[in-house]
Protein chains: 2
Amino acid sequence: MNVLICGLGLIGASLAKTLKKKTNHTVLGWNRTESVTQKALRDGVIDRSGELEDLIQEADITFVNFYPNAIIPFIFKHKDCFKKDSIVTDSCGIKTKICNELDGHDFDFYYIGAHPMAGREVGGYDNSLDTLFDNASFIVTPYEYTPRNKVDALIGLAQDMGFARTVVTTPEHHDEMIAFTSQIAHVLACSYVLSPLAPSHAGYSAGSYRDVSRVARINADMWADLFVDNKEALVREVDDLVSNLMQFKYNIVNEDTQALKDLMNKANRIKEEIG
Amino acid sequence: MNVLICGLGLIGASLAKTLKKKTNHTVLGWNRTESVTQKALRDGVIDRSGELEDLIQEADITFVNFYPNAIIPFIFKHKDCFKKDSIVTDSCGIKTKICNELDGHDFDFYYIGAHPMAGREVGGYDNSLDTLFDNASFIVTPYEYTPRNKVDALIGLAQDMGFARTVVTTPEHHDEMIAFTSQIAHVLACSYVLSPLAPSHAGYSAGSYRDVSRVARINADMWADLFVDNKEALVREVDDLVSNLMQFKYNIVNEDTQALKDLMNKANRIKEEIG
């Protein structure tokens, strides 16, 4: 197969490197900034590049790896150029908005929403890794009418690439879960380091500070869009988190150690059970 | 020197192992549950044990590694037995309450509050490590009247043990900083996994979930006391955190991507600068 990677940043280039390492597919690559494409060619991260219109006509599967709000315009702009019966997918961290806007159109190709779930605190081509997805989930959110063989083809590719797990779900369930597992974790890490005490942590911090604050190194431009595009689910998570924090506060103020123990034992049990 | 380790749990036994590995001091050990003492002797983690009253009369430095509320009664109970001019210290994660209660007494020994800053999600003798303090800070909170040579002796021991950094400060400043670097991180990790969505995270989670939730594996009995004993500083941190979370929520609800970017860029800058 010809697999086209559009956008050779952290995720796109890591997908390309993984495809080269784990599969025999031909990897086509395209990036808005031409110098990155040339670097990827020199590094052997992609097999070929060329004019975008030519590449998308050749590709059996196209991965669109842009910022959330650039994906839909890109697909609509090129909707008549994608190879007939090919699969077009993306790697964006929210799915409902994108899948809804691309739903019900008379395309010659099959759009299937996807989310290869991995990231780093640092972005861009130079930080991409052929190991980024080693323990990662590959989540797909097809429409009810998406042909089974197309979904299977995309899942099969993810399995060949060595993703630890593939998950098929609805865009809505994906977004609800991601609000909890990823988005609120980033909101929380940022909120944490915004404490007035953060700048003087040196000498007073250990593993818990390091781990809880890690994802405060964040690509603000990208995540601002992701948060707004998943507003309802994320606000629900913020509310739940604040409500739990206020329970802790209430029990601390009242020096109710038994209630604190109950809360922590519950959290401890959950964490032990679910990992 | 004879260094006595009272309490051979995670911290105490890790201190003993580190002393054996990095120094030539004689390591005396005592544990309430005798079988643990015997195990430590068999494992060569301590050189000698015996009757508690005999051990504390021999020890040049005694580390008391008990739950917060057991430390003060222990020291008062044995106040007339500790070796004259010896140093008695502890490893508890809060200092103001303990240092205040032990302040101004006519002891024959010198009590100096200390906090070797490291931990694990798992506790007890069997999880102790001779590497636990490799990148850790050793914080001491002496009184103004504590003789300089006694403070230097304790710091010197910590340096010999390979602590990455030693810090001398007041109990109050220690507790304020620990509320931020450690206590609120634990409150926050527990509050996070108490979300109704936590039990179904599998397949939808990656590094941010893993790191932010790690310290939800918590010793509830110990931390409940630590939280209540550091009530004011910790409540201030909860309030700051909730206020930052509400700023995120407000901007998400209003779809104000610019304000979200500003908040995240600020957090990102702080994290990049301070590590």
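Before any of the text, the structure's been laid out above.
Predicted model, so just to flag it, every value in this text is computed and none were measured.

About the thresholds
- Residues numbered from 1 in each chain as written.
- Chains lettered and ligands numbered in written order.
- Predicted model: local features only at pLDDT ≥ 70, side-chain atom pairs only at ≥ 80, totals over all residues.
- Heavy atoms only, no water.
- Helix = DSSP H or I, 4+ residues; strand = E, 2+ residues; numbered from the N terminus.
- Contact = heavy atoms within 4.5 Å.
- Areas by Shrake-Rupley, 256 points an atom, 1.4 Å probe, with all protein chains shown as cover.
- Lys, Arg positive; Asp, Glu negative; His and termini not counted.
- Charge placed at Lys NZ, Arg CZ, Asp CG, Glu CD.
- Buried < 20%, exposed > 50% of the residue type's maximum accessible area, 1.4 Å probe, protein only.
- Pairing = 2+ DSSP bridges.
- Phe/Tyr/Trp six-rings, centres within 6.5 Å; stacked < 30°, edge-to-face > 60°.
- Lys NZ or Arg CZ within 6 Å of the ring centre and 35° of its normal.
- Axes fitted to C-alpha atoms, helices over the stretch in contact; angles between N-to-C directions.
- Core = buried A, V, L, I, M, F, W, Y, C linked by side-chain atoms within 4.5 Å.
- Least-squares fit on C-alpha atoms with pLDDT ≥ 70 in both.
- Buried area = accessible area lost by both parts, 1.4 Å probe.
- Salt bridge = Lys/Arg side-chain N within 4 Å of Asp/Glu carboxyl O.
- Polar contact = N/O pair within 3.5 Å; in protein donor to acceptor, adjacent residues only side chain to side chain.
- Right-handed = clockwise from strand over helix to strand, strands pointing away.

Student: Provide a residue-level description of the overall build of chain A, including the pertinent values.
Tutor: Within chain A, the regular secondary structure consists of 11 helices and seven strands. Counting only contacts in chain A whose residues sit at least 6 apart along the sequence, the fraction spanning at least 24 positions is 71%. About 11,100 Å² of surface is accessible on chain A, with carbon and sulfur atoms providing 45% of the total. Of note, chain A has its 28 positive side-chain charges centred 5 Å away from the centre of its 38 negative side-chain charges.

Student: Got a sec to walk through the pairing of strand β6 (residues 137-141) of chain B? Specific residues and values, please.
Tutor: Residues and elements named next belong to chain B. Counting buried residues along β6, five of its five residues qualify, which places the element largely inside the surrounding structure. Of the two faces of β6, the one holding Ser137, Ile139 and Thr141 and the one holding Phe138 and Val140 are both buried throughout. Taken together, the four bridges between strand β5 (residues 110-116) and β6 define a ladder with antiparallel strand orientation. Residue alanine 114 lies in a different strand from β6, and its bridge partner there is valine 140.

Student: I'd like to hear about the side chain of serine 14 of chain B, residue by residue, with values.
Tutor: Summarising the element assignment, serine 14 of chain B is placed in helix α1 (residues 10-22). The class of serine 14 of chain B is buried, set by a relative accessible area of 0%.

Student: I'd like a rundown of the packing of aromatic side chains, residues and numbers included.
Tutor: Residues and elements named next belong to chain A. All chains considered together, the criterion is met by 24 aromatic pairs over all chains. What links up through ring pairs into an aromatic cluster is the set Phe76, Phe82, Phe107 and Phe109. A cation over a ring is seen here: lysine 17 above tyrosine 125, with NZ or CZ 5.6 Å from the ring centre.

Student: Lay out the sheet that holds strand β1 (residues 2-6) of chain A in plain terms, naming residues and giving numbers.
Tutor: Residues and elements named next belong to chain A. An order of β2-β1-β3-β4-β5-β6-β7 is seen for the seven strands of this open sheet, with the pairing classed as mixed. Since the sheet does not close on itself, it has two edges, and those belong to β2 (26-30) and β7 (165-168), each with one partner. Strand after strand, the sheet turns through a mean of 25° between neighbouring axes, direction not considered. Judged from the five bridges that link them, β1 and β2 form a sheet pairing that is parallel. Directly across from cysteine 6, in β2, lies its bridge partner tryptophan 30.

Student: Can you break down the nonpolar core residue by residue, with the values?
Tutor: Ranked by internal contacts, the top residues of the largest apolar core, which has 134 residues, are Ile75, Tyr192 and Met264 of chain A together with Ile75, Tyr192 and Met264 of chain B. In this structure, Ala13, Leu19, Ala136 and Leu157 of chain B belong to the second largest nonpolar core, which totals 32 residues.

Student: For the relation of the copies chain A and chain B, give the residues involved together with the corresponding values.
Tutor: Between chain A and chain B, the superposition needs a rotation of 180° and an axial shift of 0.0 Å, giving an RMSD of 0.0 Å. Classification of the inter-copy transformation places it as that of a two-fold axis. In this assembly the copies share their binding face: 100% of the residues contributing to the interface of chain A also contribute to that of chain B.

Student: Give a description of the sheet that holds strand β1 (residues 2-6) of chain B that names residues and reports values.
Tutor: Residues and elements named next belong to chain B. Taken in spatial order, the seven strands of this open sheet run β2-β1-β3-β4-β5-β6-β7, and their pairing is mixed. The sheet is open, and its two borders are formed by β2 (26-30) and β7 (165-168), each paired with just one other strand. Put simply, the sheet's adjacent strands are angled 25° from each other on average, direction ignored.

Student: Report on the interface of chain A and chain B, specifying residues and quantitative values.
Tutor: Between chain A and chain B, the contact holds 86 residues from the first and 86 residues from the second. The junction of chain A with chain B conceals about 8,100 Å² of combined surface from both sides, 71% of it contributed by carbon and sulfur atoms. In terms of surface lost to chain B, no three residues of chain A exceed Phe180, Leu194 and Tyr204 of chain A, which account for 10% of the buried area on that side. Put simply, lysine 231 of chain B and glutamate 255 of chain A hold a salt bridge, and the shortest N to O gap is 3.1 Å. If you look at where chain A meets chain B, you find 36 residue pairs in polar contact (both at pLDDT 80 or more). Mapped onto the side of chain A that touches chain B, the elements with two or more residues apiece are β6 (137-141), β7, α7 (171-193), α8 (207-213), α9 (220-229), α10 (231-253) and α11 (257-274) of chain A.

Student: Lay out the pairing of β6 of chain A in plain terms, naming residues and giving numbers.
Tutor: Residues and elements named next belong to chain A. As defined by bridge partners, β6 adjoins β7 across four bridges and the pair is classed as parallel. Each bridged residue has a counterpart across the sheet, and for isoleucine 139 the counterpart in β7 is valine 167. In this fold, β6 hands off to helix α6 (residues 148-160), which returns the chain to β7; that crossover is right-handed.

Student: Provide a residue-level description of the environment of histidine 201 of chain A, including the pertinent values.
Tutor: Turning to its location among the elements, histidine 201 of chain A is positioned in the loop between α7 and α8. Sequence-distant contacts of histidine 201 of chain A, defined by excluding residues within four places in its chain, comprise Tyr209 of chain A together with Met177, Phe180, Thr181, Ile274 and Gly275 of chain B. Reaching out from histidine 201 of chain A, the side chain makes a polar contact with the side chain of serine 205 of chain A at a distance of 2.8 Å.

Student: For the pattern of salt bridges, give the residues involved together with the corresponding values.
Tutor: Tallied over the full model, the rule gives 35 salt bridges over all chains. Aspartate 239 of chain A is the partner of lysine 249 of chain B in a salt bridge, and the nearest nitrogen-oxygen pair spans 2.7 Å. In this pair, lysine 249 of chain B is assigned in helix α10 (residues 231-253) and aspartate 239 of chain A in helix α10, connecting two distinct chains. The partner of lysine 97 of chain B in a salt bridge is aspartate 229 of chain B, with the nearest N and O atoms 3.2 Å apart. Here the residue lysine 97 of chain B occupies a position in helix α5 (residues 96-101), and aspartate 229 of chain B occupies one in helix α9 (residues 220-229), the gap between them amounting to 132 residues. Lysine 97 of chain B gets classed as partly exposed once you look at its relative accessible area, which sits at 30%. Aspartate 229 of chain B gets classed as buried once you look at its relative accessible area, which sits at 19%. Each of Glu121 and Arg214 of chain A together with Arg210 and Asp211 of chain B takes part in a single network of salt bridges with overlapping partners.

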